[in-house]
Amino acid sequence: MTPVFIIIVCLALTSAAGSVVKRDVFDAIAEANEGTGARLVDGDIMPNRRRNALPCTAAGCKWPKTGRYVWVPVSISPAYSRQERNRIIQGLETFQGPTCIRFQWRSNHTDYLNFISSTGHEQSRSDRDDYVTILYNNIKSGRERNFRKRRTNNLGTDYDFDSIMHYSSRAFSKNGSPTIIAKINPNARLGTATSMTDKDIALVNRLYGC
């Protein structure tokens, strides 16, 4: 297995006066990643370019399991402030209670997760067209690629409108109108989760046999 890098930015944006700026986080991440020259998937994920396009379930693609746990080495860029670093760590900790994923600091590991300041999304699932409609006329020019449907192994889990990895209803909107709506309820709010959902947890546990 070769390294997979996750690129993220701080999710809380503040103005110079210290007040919270309400803004779609995926737009903020994409703007932060502009000009990096990196070939990103969905605007914020740097994939392993030496891995083929098959769904990631084969040996050599998943993190190895040792005994009961899957140990994943992690590195966090020193460019982050202590507060930002703690937020990333808190996010990682949410995996450790309900799943068999365990994180450890990277030492001499060649395979690791690297968080740098400059992260598969639910709406990219292979079965997404059964659940949501993408409104391309409302998407910012050049951001259409972030809504591409991809080959995924969904491991028998239902589509999760509440997943922490789901775009918001107005992600990358050029006019303030929705860019993605649920077919079952076009008025439903998407992408509002702040922690892993039960379906997020189930997907990880099925993938690694936790």
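Positions within a chain are numbered from 1, following the residues in the order the chain's sequence is written. Local features in a predicted model are, by the rule used here, given only for residues with pLDDT of at least 70; side-chain atom pairs are given and counted only at 80 or more, and totals for whole chains, interfaces and linings are based on all residues. Side-chain metrics in this entry use all non-hydrogen atoms of the structure; hydrogen atoms and water are not considered.

A. Structural context of the state of the cysteines. Whenever a pair of cysteine sulfur atoms sits within 2.5 Å, that pair is classed as a disulfide. Counted by the stated rule, this structure contains 1 disulfide. One disulfide in the model links Cys100 with Cys210; its S-S distance is 1.9 Å. Residues Cys100 and Cys210 are joined through a disulfide that is left-handed, its torsion about the S-S bond being -60°. When a residue's accessible area, from a 1.4 Å probe over protein chains only, is under 20% of the maximum for its type it is buried; when over 50% it is exposed; and in between it is partly exposed. Residue classification places Cys100 among the buried residues on the basis of a relative accessible area of 4%. Under the relative-accessibility criterion, Cys210 is labelled partly exposed at 43%.

B. Quick look at the pairing of strand β4 (residues 69–76). For two strands to be treated as a pair, DSSP must find no fewer than two bridges joining them. Per the convention used, a helix needs a DSSP run of H or I reaching at least four residues, while a strand needs a run of E reaching at least two, with both numbered from the N terminus. With 2 bridges joining them, strand β3 (residues 65–66) and β4 adopt antiparallel strand pairing. Looking at β4, one finds that Lys65 is bridged to Val70. Adjacent in sequence and paired antiparallel, β3 and β4 are bridged by 2 residues, among which Gly67 carries a positive phi angle near 65°. Of the pairings in the sheet, the one linking β4 to strand β5 (residues 101–105) comprises 5 bridges and is parallel in character. The residue bridging Val72 from the neighbouring strand is Phe103, located in β5. Viewed with both strands pointing away, a crossover whose connecting path from the first strand over the helix to the second turns clockwise is right-handed. In this fold, the crossover linking β4 to β5 by way of helix α2 (residues 82–96) has right-handed handedness.

C. Main features of unusual backbone geometry. The backbone phi angle of Phe172 is positive, close to 60°, even though this residue is not glycine. Tracing the sequence through the fold places Phe172 in the loop between β7 (132–134) and β8 (180–182).

D. Region of interest: the pattern of salt bridges. Here, a salt bridge means any side-chain nitrogen of Lys or Arg that lies within 4 Å of a carboxyl oxygen of Asp or Glu. For the structure on display, the rule yields 4 salt bridges. With a shortest N-O distance of 3.3 Å, Arg125 and Glu122 are connected by a salt bridge. With respect to burial, Arg125 and Glu122 carry one shared label: buried. For Asp127, the salt bridge is made with Arg125, and the minimal N-O distance between the two is 2.9 Å. Residue Asp127 is classed as buried on the basis of its relative accessible area of 17%.

E. Focus on the environment of Thr157. Tracing the chain through its elements places Thr157 in the loop between β7 and β8. Taking the C-alpha atoms as reference points, Thr157 and Arg206, separated by 49 residues in sequence, lie 9.0 Å from one another. Residue contacts are counted whenever heavy atoms from the two residues lie within 4.5 Å of one another. With sequence-adjacent residues up to four places away left out, Thr157 is seen in contact with Arg125, Leu203 and Arg206. Each polar contact in these results corresponds to two N or O atoms within 3.5 Å; when the atoms are within protein, one needs to be able to donate a hydrogen and the other to accept it, and residues that are neighboring in sequence are counted only if both atoms are side-chain atoms. Among the polar contacts listed, one links the side chain of Thr157 to the backbone oxygen of Asn154, at a separation of 2.6 Å.

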